[in-house]
Amino acid sequence: MKNIIKSIGYEIIRSKFMIRIYVFFILIMGLIGILNAEDRTDVMLADNPTISYLFPIFMAAFIVGIICGEDYKDKVANYEILSGHSRKCVFFARSLMAIIVAALACTFLCFMPLIAGCIAGGWGNTLELSDVVIRQLLFFFPFLRLAAFLVVLTFLIKSPYIMMAIGFVITMSVPSLDSLLTHTKSLYLSIFNFGFLTDYRGWSIYNIDPNIGIVKYSTFDSSLSSGLIVGTIIVSLAMTVFYLFMGYALFRRDDLH
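The following refers to the structure shown.

What counts and how
Residues numbered from 1 in each chain as written. Predicted model: local features only at pLDDT ≥ 70, side-chain atom pairs only at ≥ 80, totals over all residues. Heavy atoms only, no water. Helix = DSSP H or I, 4+ residues; strand = E, 2+ residues; numbered from the N terminus. Buried < 20%, exposed > 50% of the residue type's maximum accessible area, 1.4 Å probe, protein only. Contact = heavy atoms within 4.5 Å. Areas by Shrake-Rupley, 256 points an atom, 1.4 Å probe, with all protein chains shown as cover. Patch = residues over 30% accessible without salt bridge, like charges linked within 9 Å, V, L, I, M, F, W, Y side chains within 5 Å. Salt bridge = Lys/Arg side-chain N within 4 Å of Asp/Glu carboxyl O. Axes fitted to C-alpha atoms, helices over the stretch in contact; angles between N-to-C directions. Parallel < 35°, antiparallel > 145°, perpendicular 65-115°, else oblique. Left-handed = near helix turned anticlockwise from the far one by under 90°. Nonpolar A, V, L, I, M, F, W, Y, C, P; charged D, E, K, R; others polar. Expected span 1.5 Å × (residues − 1). Phe/Tyr/Trp six-rings, centres within 6.5 Å; stacked < 30°, edge-to-face > 60°. Disulfide = S-S within 2.5 Å.

**Describing the overall build of the protein chain**
Phase 1: Of the regular secondary structure elements, the protein chain holds twelve helices and two strands.
Phase 2: Each helix and strand of the protein chain, placed in order from N terminus to C terminus, yields the pattern α-α-α-α-α-α-α-α-α-α-α-β-β-α.
Phase 3: When each of the 257 residues of the protein chain is scored for burial, the buried share is 47%.
Phase 4: Of the contacts made within the protein chain by residues no fewer than 6 positions apart, 79% connect residues no fewer than 24 positions apart.
Phase 5: Accessible surface, the protein chain as shown: approximately 12,900 Å² in total, 67% of it carbon and sulfur.

Have a look at this one:
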């Protein structure tokens, strides 16, 4: 298993396509932060709750699809099994690498609008920066769960390109699901977990100034409840384990054709 993990790590480092796409998304997320922050990054994040995690959802599908699905083209998994590795080693080595790399890479990507916005226009005084940083660090756990779910799909579909398409569909569906399923949201779905972590429970009012026009006043609560923190961690870890074992149950019966 250790040798397979090292091999996958080497493949990731050598994968110019994956690295270029990831750098491209870093630039895109940074540009989004610069264009939307104006002079208050905190209000940007409060008013646009999906801005931090929407594109990283697609990136998670991309990373998982490449790590778990790319080798189906040349049957590398078959060679690993024929060389003496068990199916359990092959599955868990690839799955664990995929979900950890995806969760770490996507969590870092979520910070790009915040970092770029602060550099371009400053933070502001509406939200506590430390609270927002903690909220975004907690993104790691929903991404872990989402990546584990995408691992199961990848071993079923066996195509990184279809996984990219699925990632795109999920990304585009998030705003619609968020508005349609307002009263049925649950921590058990990662996309709703992201929503809870970016819900700052605030309100805004407007005033008209004769000199500068419309002036917006906003107030938000950036504090985190212990229930949300504990729930995010425990549910995410439990669902990750569930998806991994469900994926292995499918993979061990796969004929790998």
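There is more to say after this.
**Description of a nonpolar patch on the surface**
Phase 1: Side chains of Phe55, Phe168, Val169 and Met172 sit close together on the surface and give an oily, nonpolar patch of about 370 Å² of accessible area.
Phase 2: With three residues, the top contributor of residues to the nonpolar patch is helix H10 (residues 160-180).
Phase 3: For Phe55, the location among the structural elements is in helix H4 (residues 54-69).

**Notes on the packing of helix H2 (residues 16-37) against helix H7 (residues 112-121)**
Phase 1: Axis separation between H2 and H7 bottoms out at 7 Å; the angle between their running directions is 45 degrees. On the basis of their axis angle, the class for H2 and H7 is oblique. Judged by the sense of rotation from one axis to the other, the crossing of H2 with H7 is right-handed. Residues Ile26, Met29, Gly30, Gly33, Ile34 and Ala37 of H2 form the contact with H7, whose participating residues are Met112, Pro113, Ala116, Gly117 and Ala120.
Phase 2: For the contact of H2 with H7, the residue count by class is eight nonpolar, three polar and no charged.

**Notes on helix H12 (residues 226-251)**
Phase 1: In a regular helix each residue adds 1.5 Å, so 26 residues correspond to 38 Å; H12 covers 37 Å between its end C-alpha atoms and thus fits that length.
Phase 2: Buried within H12 are the following residues: Leu228, Gly231, Thr232, Val235, Ser236, Met239, Thr240, Tyr243, Leu244, Gly247, Tyr248 and Phe251.
Phase 3: Contact partners of the buried residues in H12: helix H6 (87-110), helix H9 (140-157) and helix H11 (190-197).

**As for unusual backbone geometry**
Phase 1: Positive phi, normally seen in glycine, also occurs at Lys158, with a value near 65 degrees.
Phase 2: Mapping Lys158 onto the fold places it in the loop between H9 and H10.

**Observations regarding the packing of aromatic side chains**
Phase 1: Throughout the structure, instances matching the rule amount to 18 aromatic pairs.
Phase 2: Pairing Phe25 with Phe58 gives two aromatic rings, centres 5.6 Å apart and planes at 25 degrees, and the pair type is stacked. Of this pair, Phe25 sits in helix H2 while Phe58 sits in helix H4; the two residues are 33 residues apart in sequence, bridging distant segments of the chain. Across the pair, Phe58 and Phe25 agree in class, each one buried.
Phase 3: Between Tyr53 and Phe194 the ring centres are 4.9 Å apart and the planes differ by 15 degrees, which places this aromatic pair in the stacked class.

**Some points on the packing of H4 against H6**
Phase 1: Across the interface, H4 lies against H6 with an axial gap of 9 Å and an inter-helix angle of 155 degrees. On the basis of their axis angle, the class for H4 and H6 is roughly antiparallel. Relative to H6, the crossing made by H4 is right-handed. Side by side, H4 and H6 meet where Pro56, Met59, Ala60, Ile63, Val64, Ile67 and Cys68 of the first sit next to Arg94, Ser95, Met97, Ala98, Val101, Ala102, Ala105, Cys106, Leu109 and Cys110 of the second.
Phase 2: Its residues assigned to classes, the contact of H4 with H6 shows 15 nonpolar, one polar and one charged.

**Section: the environment of Leu153**
Phase 1: Among the secondary structure elements, Leu153 is positioned in helix H9.
Phase 2: Those residues in contact with Leu153, other than ones at most four positions away along the chain, are Lys158, Met163 and Ile166.

**Comments concerning the state of the cysteines**
Phase 1: Taken as a whole and judged by the stated rule, the model has zero disulfides.
Phase 2: In this structure Cys110 is a free cysteine whose sulfur lies 6.9 Å from that of Cys106, the closest cysteine sulfur available.

**Describing H9**
In an α-helix there are 3.6 residues to a turn, and that puts residues three or four apart on one side.
Phase 1: When the terminal C-alpha atoms of H9 are compared, their 25 Å separation across 18 residues agrees well with the 26 Å that a helix rising 1.5 Å per residue should span.
Phase 2: Most of H9 is tucked away, with 14 of its 18 residues classed as buried.
Phase 3: Trailing H9 by a residue or two, Lys158 shows a phi angle of about 65 degrees, which is positive.

**Some thoughts on the environment of Ala120**
Phase 1: Inspection of the secondary structure puts Ala120 in helix H7.
Phase 2: Measuring from C-alpha to C-alpha, the distance between Ala120 and Thr41 comes to 8.9 Å, with 79 residues separating the pair along the chain.

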